Amino acid sequence: QVQLVESGGGLVQPGGSLRLSCAAHGSILSILAMIWYRQGPGKLRVLVATITSGASTNYADSVKGRFFISRDNAKNTVYLQMNSLKLEDTAVYYCKFQIIPFSRISVGDYWGQGTQVTVSS
């Protein structure tokens with residue numbers, strides 16, 4: 001079994017910073033892409049940032065220059081450093097990993113439980 005556990009959400013004032021973490025636990029052969037999504041109140045879930053197994057990154061236009069994604073392969077963990085936070089960054093943030101577990105020979109998508117980020121003065 002593979003499980004993703006997120007942490008790091010909370011309440012922050014506009015202009016502040018937070019760092020989210022998402023760690024995968026279980027019998028994992030390989031992790032390909034690690035991806036952050038978010039879903040604001042009354043909105044669809046949208047992609048925020050991606051980091052590949054080769055450490056290439058990609059960001060949504062709305063967060064470029066403010067958010068930074070990184071990964072620690074030894075810990076099966078991805079991070080999202082969020083700076084200069086805005087009111088519109090308020091959302092539930094979800095991580096998704098593309099994982100090949102030992103029990104299977106194909107890649108599957110695994111999701112974290114979500115962590116609330118609230119930006120408010």
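Residues numbered from 1 in each chain as written. Predicted model: local features only at pLDDT ≥ 70, side-chain atom pairs only at ≥ 80, totals over all residues. Heavy atoms only, no water.

Student: Explain the pattern of salt bridges residue by residue, including any values.
Tutor: Pairs can form between side chains of opposite charge whenever their charged atoms are close. Inspection of every chain in the model, using the stated rule, returns four salt bridges. In this structure, the salt-bridge partner of Asp89 is Arg66, at a minimum N-O distance of 2.7 Å. One end of the pair, Asp89, is in the loop between β8 (77-82) and β9 (91-101); the other, Arg66, is in the loop between β6 (57-59) and β7 (67-72), with 23 residues separating them in the sequence. Arg66 matches Asp89 in its accessibility class, with the two residues each being buried. Taken together, the shared-partner salt bridges in this structure form one network comprising Arg38, Arg66 and Asp89. (Salt bridge = Lys/Arg side-chain N within 4 Å of Asp/Glu carboxyl O. Helix = DSSP H or I, 4+ residues; strand = E, 2+ residues; numbered from the N terminus. Buried < 20%, exposed > 50% of the residue type's maximum accessible area, 1.4 Å probe, protein only.)

Student: How would you sum up the side chain of Thr115? Please name residues and give values.
Tutor: Within the fold, Thr115 resides in strand β11 (residues 115-119). The class of Thr115 is buried, set by a relative accessible area of 11%. Of the polar contacts made by the side chain of Thr115, one reaches the backbone nitrogen of Gly9; its length is 3.3 Å. In contact with Thr115, not counting residues within four places along its chain, are Glu6, Gly8, Gly9, Leu20, Ala91, Val92 and Tyr93. (Polar contact = N/O pair within 3.5 Å; in protein donor to acceptor, adjacent residues only side chain to side chain. Contact = heavy atoms within 4.5 Å.)

Student: Tell me about the state of the cysteines, and please be specific about residues and values.
Tutor: Counted according to the given criterion, the structure contains one disulfide. Paired by a disulfide, Cys22 and Cys95 hold their sulfur atoms 1.9 Å apart. One disulfide, between Cys22 and Cys95, carries an S-S torsion of 55° and so falls in the right-handed class. Placement of the pair is Cys22 in strand β3 (residues 18-26) and Cys95 in strand β9, with a sequence separation of 73 residues. For Cys95, a relative accessible area of 0% gives the class buried. (Disulfide = S-S within 2.5 Å.)

Student: Before we move on, could you go through the packing of aromatic side chains and cite the residues and values that matter?
Tutor: Under the criterion given, the structure shown has two aromatic pairs. Ring geometry for Tyr37 against Trp111: centres 5.0 Å apart, planes inclined by 45°, an arrangement best described as tilted. With Tyr37 in strand β4 (residues 28-39) and Trp111 in strand β10 (residues 108-111), the pair connects residues that are 74 residues apart, well separated along the chain. Look at Trp111 and you get partly exposed, because its relative accessible area is 36%. Above the face of the Tyr94 ring, Arg45 is positioned so that its terminal group lies 3.7 Å from the ring centre. (Phe/Tyr/Trp six-rings, centres within 6.5 Å; stacked < 30°, edge-to-face > 60°. Lys NZ or Arg CZ within 6 Å of the ring centre and 35° of its normal.)

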